[in-house]
Amino acid sequence: MSAASCLRSEDQFLCSICLDVFTDPVTTSCGHNFCKNCITEHWNSNDQYLCPICKEVFKTRPKLKVNTLFSEMVSQFRQEAQQKASSSSSSEQQAAKPGEVPCDVCTGIKLKALKSCLVCLTSYCETHLEPHLTMSRLKRQQLMDPVENLEDRMCMKHDKSLELFCKTDQTCVCMLCSVLDHKTHEFVPLKEEYEGKKAELGRTEAEIQQMIQKRRLKIQEIKHSVDLSKEDADREKAEGVQVFTALKESVERSLNELIETIEEKQRTTEKQAEDFIKELEQEISELVKRSSEMKQLSHSEDHLHLLQNFPSLKAAPPTKDWTEVSIRPPSYEGTVVRAVTQLEETLSKEMKKLVEAELKRVQQYAVDVTLDPDTAHPKLILSDDEKQVNCGDVKKNLPDNPERFSDCVSVLGKQSFSSGRFYFEVQVKEKTKWTLGVARESINRKGKITARPQNGYWSIRLRNGNEYSACNDPSVILSLKSQPQKVGVFVDYEEGLVSFYDVDAAALIYSFTGCSFTDKLYPYFCPRSNDGGKNSAPQIICPVNQTE
């Protein structure tokens, strides 16, 4: 039943069918009222048309219209009931809840305070606030939203309300403080300072929101990086499974072919031996037969019979000369070696495919590198576009600044890298010696230099036209199938990886792994001495073209 059911006059406004306040009331000819929908549904579900209250039967279904006057009375009653219910509900909610400021004047149940007076240092509910809203003397007092601990808003020294802000001491003070303790200081009303601090808070809040947004974007960036990492990992795993599956199948196939080759040789040997044995057994059978005949003839006492058959039995039956005949075991020398060599060729082809794919990926991190003249040894000759360097015979008179190499004919790139990945390519065609790689910013550039990782250099070199080595500790001799004409250098700073590639052959030359980078890294070039013109070709920084 609705909230109106609690009112004293509710009975006359309740439908006897739904027991709730009328909706679209209609009146029957017998004088009783019902909701239009209620009486309609009642008659739809019964065989007779009768009044639910007095049971009067109607011969035909009455045509009912909404009772306009009664409907207006019901509407007025409904509004009054809602207002009273709302008023009653409002009164119930005025009691102060935990965390709300209670009225300081109320006795018994403390109602919720609507305002606090900074003069009275008292919080008031709606009823007790009325004098401050109606009396002229109290209207001048400062009201604010209700707060607790109003005594904290009083000056502890002068027992006056804190109304001013001392900008000199950055503290709230009362009027007496301004003329006694802070008389030489700068003051502003609390409201003025409040507005300023509020604006400052707004700016700070805006900055914090920007910081929050940046961090949310960073979270998205990190998640995106994780997704990319997972994609790379999945791709790498798929490629690894594919390659190793192919290698496993190739190994099994090569092993099966090796076993089949060996077994075929053995079968051939066994077949040859079986044929020889069969032929020998046939001859033995003939010889045994002749021997038996001769033995039988030699025991004969018939002179004529022996003489007549002697000529045919005198000679042995025709046989093969087996003196030089023998079974020589087949030679298996080289069989396994040849199989492994074929497997190695297969592995080499698969390796080439992997390196081609890897090279194509690292080339995506190509950067534009130029040479830094301020670091170049005085004998070095740099092109105008700072993309080529070779060693001359004349030592130029250049300032010996700290960045310049003094003894080693070397030069660094202008660009530095302290994170991420980068890649560049250098042509070394027609050179008989060179060194190439990356170096950290803090390397020693004066006097004799030993290019080793512990000294801040990660590089490879060529000496004597065909001797390649990685400048590690100790040096690693490199056996290359072809002489690189263009070398690609790739660095993954966080991974601690420096890799060198033969770009044209799509082959990995060497990789430094597990490096610990804490400094800026620079591309490092050393064209080495001119060597009487034999090594006059320059090192050339080339634009990176993606391998097909």
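This text goes with the structure placed above it.
Residues numbered from 1 in each chain as written. Predicted model: local features only at pLDDT ≥ 70, side-chain atom pairs only at ≥ 80, totals over all residues. Heavy atoms only, no water.

### Some words on the overall build of the chain
Phase 1 of the analysis: Per the secondary structure count, the chain includes eight helices and 23 strands.
Phase 2 of the analysis: For 548 residues, the compact-globule estimate of 2.2 N^0.38 gives 24 Å, and the C-alpha radius of gyration of the chain, at 55 Å, exceeds that figure by more than 25%.
Phase 3 of the analysis: Principal-axis analysis of the C-alpha atoms places the extent of the chain at approximately 170 × 105 × 45 Å.
Phase 4 of the analysis: By the burial criterion, 31% of the 548 residues in the chain qualify as buried.
Phase 5 of the analysis: Of all intrachain contacts in the chain linking residues separated by at least 6 positions in sequence, the fraction that spans at least 24 positions is 56%.
Phase 6 of the analysis: Accessible area for the chain stands at about 35600 Å²; split by element, carbon and sulfur atoms hold 52% of it.
Phase 7 of the analysis: Of the charged side chains in the chain, 73 are positive and 83 negative; the average position of the first set lies 5 Å away from that of the second. (Helix = DSSP H or I, 4+ residues; strand = E, 2+ residues; numbered from the N terminus. Rg over C-alpha atoms; globule rule 2.2 N^0.38 Å. Buried < 20%, exposed > 50% of the residue type's maximum accessible area, 1.4 Å probe, protein only. Contact = heavy atoms within 4.5 Å. Areas by Shrake-Rupley, 256 points an atom, 1.4 Å probe, with all protein chains shown as cover. Lys, Arg positive; Asp, Glu negative; His and termini not counted. Charge placed at Lys NZ, Arg CZ, Asp CG, Glu CD.)

### Remarks on the pairing of strand β22 (residues 521-526)
Phase 1 of the analysis: Buried residues dominate β22, accounting for six of its six residues.
Phase 2 of the analysis: Here six bridges tie strand β15 (residues 434-440) to β22, and the two strands are oriented antiparallel to one another. Pairing of Arg440 across the sheet is with Leu521, part of β22. (Pairing = 2+ DSSP bridges.)

### As for the packing of helix α6 (residues 190-298) against helix α8 (residues 335-362)
Phase 1 of the analysis: It is at 9 Å that the axes of α6 and α8 come closest, and there the two elements cross at 165 degrees. The pairing of α6 with α8 is recorded here as roughly antiparallel in orientation. Crossing hand, α6 versus α8: right-handed.
Phase 2 of the analysis: Tallied by class, the residues present in the contact of α6 with α8 amount to 10 nonpolar, six polar and seven charged. (Axes fitted to C-alpha atoms, helices over the stretch in contact; angles between N-to-C directions. Parallel < 35°, antiparallel > 145°, perpendicular 65-115°, else oblique. Left-handed = near helix turned anticlockwise from the far one by under 90°. Nonpolar A, V, L, I, M, F, W, Y, C, P; charged D, E, K, R; others polar.)

### Concerning the packing of aromatic side chains
Phase 1 of the analysis: Counting across every chain of the model gives 16 aromatic pairs.
Phase 2 of the analysis: Between Phe13 and Phe70, the ring centres sit 6.2 Å apart and the planes meet at 10 degrees, which makes this aromatic pair stacked. Of the two residues, Phe13 sits in the segment before β1 (25-27) while Phe70 sits in helix α2 (residues 68-93), which places them 57 residues apart along the sequence.
Phase 3 of the analysis: Aromatic pair Trp43 and Phe58: ring centres 6.2 Å apart, planes at 70 degrees, arrangement edge-to-face. Here Trp43, found in helix α1 (residues 36-44), pairs with Phe58, found in strand β4 (residues 57-58); they are 15 residues apart in sequence, far enough to count as distant.
Phase 4 of the analysis: Note on Phe58: relative accessible area 10%, which makes it buried.
Phase 5 of the analysis: Members of the aromatic cluster, joined through ring pairs, are Phe13, Phe22, Phe70 and Phe77. (Phe/Tyr/Trp six-rings, centres within 6.5 Å; stacked < 30°, edge-to-face > 60°.)

### Considerations on unusual backbone geometry
Phase 1 of the analysis: Of note, the amide linkage connecting Asp473 to Pro474 takes the cis form, showing an omega dihedral of 0 degrees.
Phase 2 of the analysis: Take Pro474: it is sitting in the loop between β17 (467-470) and β18 (476-478).
Phase 3 of the analysis: For Gln170, which is not glycine, the phi torsion reads 55 degrees and is therefore positive.
Phase 4 of the analysis: Looking at the secondary structure, you find Gln170 in the loop between β8 (164-166) and β9 (171-173).
Phase 5 of the analysis: In the Ramachandran plot, Asn464 falls in the positive-phi region, its phi being about 55 degrees despite a non-glycine side chain.
Phase 6 of the analysis: Note on placement: Asn464 falls in the loop between β16 (457-463) and β17.

### Points about the nonpolar core
Phase 1 of the analysis: Core analysis: the largest hydrophobic core is formed by 47 residues, its most contacted members being Phe424, Val487 and Phe525.
Phase 2 of the analysis: Looking at this core, the element that brings in the most residues is β22, giving five residues.
Phase 3 of the analysis: Counting residues in hydrophobic clusters, the runner-up holds 16 residues, among them Phe13, Leu14, Cys38 and Val74. (Core = buried A, V, L, I, M, F, W, Y, C linked by side-chain atoms within 4.5 Å.)

### Here's the deal with the side chain of Ser250
Phase 1 of the analysis: Topologically, Ser250 is positioned in helix α6.
Phase 2 of the analysis: Accessibility expressed as a relative area gives 3% for Ser250, which makes it buried.
Phase 3 of the analysis: Contact partners of Ser250, with chain neighbours within four places excluded, come to Leu343 and Thr346.

### What about the packing of α6 against helix α7 (residues 303-314)?
Phase 1 of the analysis: The interhelical angle for the contact between α6 and α7, taken along N-to-C directions, is 155 degrees, at an axis separation of 10 Å. With respect to α7, the element α6 is oriented roughly antiparallel. You can see that α6 and α7 cross each other, and the crossing is left-handed. Contacts from Arg290, Glu293, Met294 and Leu297 of α6 reach α7 at His305, Leu306, Asn309, Phe310, Ser312 and Leu313.

### Things to note about the state of the cysteines
Phase 1 of the analysis: Applying the stated criterion across every chain yields a total of zero disulfides.
Phase 2 of the analysis: A disulfide-free cysteine, Cys30 has its sulfur positioned 3.6 Å from the sulfur of Cys51, the nearest such atom.
Phase 3 of the analysis: For the unlinked cysteine Cys526, the closest cysteine sulfur is that of Cys408, found at 4.2 Å. (Disulfide = S-S within 2.5 Å.)

### Overview of the sheet that holds strand β19 (residues 486-492)
Phase 1 of the analysis: An order of β11-β12-β23-β14-β19-β20-β21 is seen for the seven strands of this open sheet, with the pairing classed as antiparallel. The sheet is open, and its two edges are formed by β11 (380-382) and β21 (507-512), each paired on a single side. Looking at each pair of strands side by side, their axes are set apart by 20 degrees on average, direction ignored.
Phase 2 of the analysis: Those strands touched by α8 are β14 (421-427), β19, β20 (497-502) and β21, and its axis lies near 115 degrees from that of β20.

### Focus on the sheet that holds strand β5 (residues 115-117)
In sheet architecture, strand pairing relies on hydrogen bonds along the backbone and comes in two forms, parallel and antiparallel.
Phase 1 of the analysis: Reading across from one edge, β6-β5-β7 is the order of the three strands in this open sheet, with antiparallel pairing throughout. Edge positions in the sheet fall to β6 (122-124) and β7 (143-144), since each of these pairs with one other strand and no more.
Phase 2 of the analysis: Alignment of β5 against β7, held across two bridges, turns out to be antiparallel. Residue pairing in the sheet places Cys117 in a bridge with Leu143 of β7.
Phase 3 of the analysis: Set on the sheet, helix α3 (residues 126-134) makes contact with β5, β6 and β7; between it and β6 the angle comes to about 110 degrees.

### Regarding the pattern of salt bridges
Phase 1 of the analysis: Scanning the entire structure with this criterion turns up 22 salt bridges.
Phase 2 of the analysis: In this structure, Lys167 and Glu193 form a salt bridge, with 3.3 Å as the shortest nitrogen-oxygen distance. In this pair, Lys167 is assigned in the loop between β8 and β9 and Glu193 in helix α6, connecting sequence segments 26 residues apart.
Phase 3 of the analysis: Measuring nitrogen to oxygen at the nearest pair gives 3.1 Å for the salt bridge that ties Arg421 to Asp492. Taken as a pair, Arg421 in strand β14 and Asp492 in strand β19 lie far apart in primary sequence, 71 residues in all.
Phase 4 of the analysis: Among the charged side chains, a network of salt bridges with common partners joins Lys167, Glu193 and Lys197. (Salt bridge = Lys/Arg side-chain N within 4 Å of Asp/Glu carboxyl O.)

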